[in-house]
Structure formats: structure tokens, C-alpha cells
Amino acid sequence: MNNIHIKVESKINDKWVIIPDDKGPKIGSRNTWNVGNNYLLFDMLAGIRHNINNSISPIAKLRGIPYDASVDTLNEFNEFKDFSYFKPSYYLLSELLAQMNNVISMTGFVNDKEYYTFKKQGYPDEWYHYNVLEEVSNKQMESIIKLPLFDDGVKRTTSISWDMPYKAISDNFWNVVEHMKNINSNYDNVRMIFWFSN
């Protein structure tokens, strides 16, 4: 179940109207605007699920539901508002696009596979916030990943730091943002409204 609920609206003739889910990009087996659960993304959007090791500031303070939201969006929000523990908010498409290349400085622990990924693309795809395995130095991990088919059964991690672009936080989310560009050529007239539930 998704903890985030996303509605996309466009301003047409000075009135905001909802863009149906089936107009969203294909995510999994269906077209949708919802992007799945990603707690670093939630932190970026709203400052929730905040991680003490990797502090990321939300793009803006939570704004609530816009006063001029479409009736359809308000009706859907009203179904969930009693189960929402965080204030809803929204961003214009122009605001989201302006954030894509921002970076967050991260620290974490990675295994040999993710260390290899980190060396290849500059950031890992997955990491541990705390070390729960045998820790080795970066130099030792360099040696381990150079060995062909090395596996002695011992699971190891090493501590790394990296700069991660916002656009690498969630492929699904940025796919949605890119798809929103097709709705209206004026990116100030397209917005994403979202709220969270447990």
C-alpha cells in the first residue's frame, strides 16, 4: 500500500482540474501518478521520515491543500484526511523541475556489490544507515571487488560518503514529473498535490 497519495492538476481557463490517474505514466502494470513508498523522497517532498544520518531539507514548507483545488481532488483528500498524519502539500511542476539537479550529501554503509555500483556511477542504489555487518576499510573493499567470484561467506560493509542528485532519489517520481510536462507547456499551470497516510 502506498503511504503517499498524489493528484495532478492542470489550470485550464483559470480553473484547476484533476488529471485522471490513467493519464499518468506506466508504473508497474498500470498507468498512475502514484510513485510508491520511498522515504528519502518523502523527506525531500515534506520533511517526513527524516533520517538523522542523511539530512535532506524539504523543497518548501508544507502548504496544505491549495484553496483552489479541484472538487475531485478535495473529495479524494476528504476520504483520507482522518488517516493522514502529516499536513498535505503541493508543488508546481516548475518548482519540481528546478530541484532535479540539486544534490544531498549522504553517508552510509555498503556491501561489495553496492560499493562497485558506487565506484561506477558515483552513488549506490542501496545502503545501510547503520553498520550491522563486518566493517572493512575502503581499501580492503577495493581489493574484494577486484577478486573474481570472491565469496568466503562473510558479509562485509564499508563506510562511504557521496553526493546524490535529487533526480536519483526515485526513478518513479521523476518519471511522473517528466510525464507531467506533457500536460501543459506552461509549467506554472501544472501541479502535484500530495498527502500521506498510514
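The present account deals with the structure reproduced in this document. Note that the structure is predicted; figures quoted are calculated from it, not measured.

Thresholds, definitions, all that
Residues numbered from 1 in each chain as written. Predicted model: local features only at pLDDT ≥ 70, side-chain atom pairs only at ≥ 80, totals over all residues. Heavy atoms only, no water. Pairing = 2+ DSSP bridges. Helix = DSSP H or I, 4+ residues; strand = E, 2+ residues; numbered from the N terminus. Axes fitted to C-alpha atoms, helices over the stretch in contact; angles between N-to-C directions. Contact = heavy atoms within 4.5 Å. Salt bridge = Lys/Arg side-chain N within 4 Å of Asp/Glu carboxyl O. Buried < 20%, exposed > 50% of the residue type's maximum accessible area, 1.4 Å probe, protein only. Phe/Tyr/Trp six-rings, centres within 6.5 Å; stacked < 30°, edge-to-face > 60°. Lys NZ or Arg CZ within 6 Å of the ring centre and 35° of its normal.

What follows concerns the sheet that holds strand β2 (residues 15-19). Judged by pairing direction, the sheet is antiparallel, and its four strands sit side by side in the order β2-β1-β9-β5 without closing on themselves. Sheet topology places β2 and β5 (89-92) at the edges, where each strand pairs with a single neighbour. Each strand axis lies, on average, 30° off the axis of its neighbour in the sheet, ignoring direction. The sheet contact formed by β5 and strand β9 (residues 190-196) spans four bridges and is antiparallel. Opposite L92, over in β9, you have R191 as the bridge partner. Those strands touched by helix α2 (residues 71-80) are β1 (4-12), β2 and β9, and its axis lies near 10° from that of β9.

Let's shift gears to the pattern of salt bridges. Summed over the entire model, instances satisfying the criterion amount to eight salt bridges. Measuring nitrogen to oxygen at the nearest pair gives 2.7 Å for the salt bridge that ties R63 to E95. Linking R63 in the loop between α1 (39-46) and α2 with E95 in helix α3 (residues 93-99), this pair joins segments that are 32 residues apart in sequence. The class of E95 is partly exposed, set by a relative accessible area of 24%. A single salt-bridge network, built from bridges that share partners, covers E9, D68 and R191.

Considering all chains together, one arrives at seven aromatic pairs under this definition. Taking the centre distance of 5.8 Å and the plane angle of 75° together, the rings of F194 and F196 count as edge-to-face. In this structure an aromatic cluster arises from ring pairing among F42, Y91, F194 and F196. The ring of W16 carries the charged tip of R191 above its face, separated from the ring centre by 3.8 Å. Above the plane of the ring of Y90 lies R191, whose end atom (NZ or CZ) is 5.8 Å from the centre.

The next thing to look at is the sheet that holds strand β8 (residues 156-165). The strand order β6-β8-β7 describes an open sheet built from three strands, whose pairing is mixed. What marks the edges here is a single partner per strand, and that holds for β6 (103-110) and β7 (134-135). As paired elements, β6 and β8 share eight bridges and run antiparallel to each other. The residue bridging I104 from the neighbouring strand is M164, located in β8. Strands in contact with helix α5 (residues 138-146) are β6 and β8; relative to β8, the strand with the most contacts, it is inclined by about 100°.

Where a strand is regular, its side chains alternate between the two sheet faces. As paired elements, β1 and β2 share five bridges and run antiparallel to each other. Residue pairing across strands places I12 opposite K15, the latter belonging to β2. The hairpin formed by β1 and β2 contains two residues between the paired strands, and N13 there has a positive phi angle of roughly 55°.

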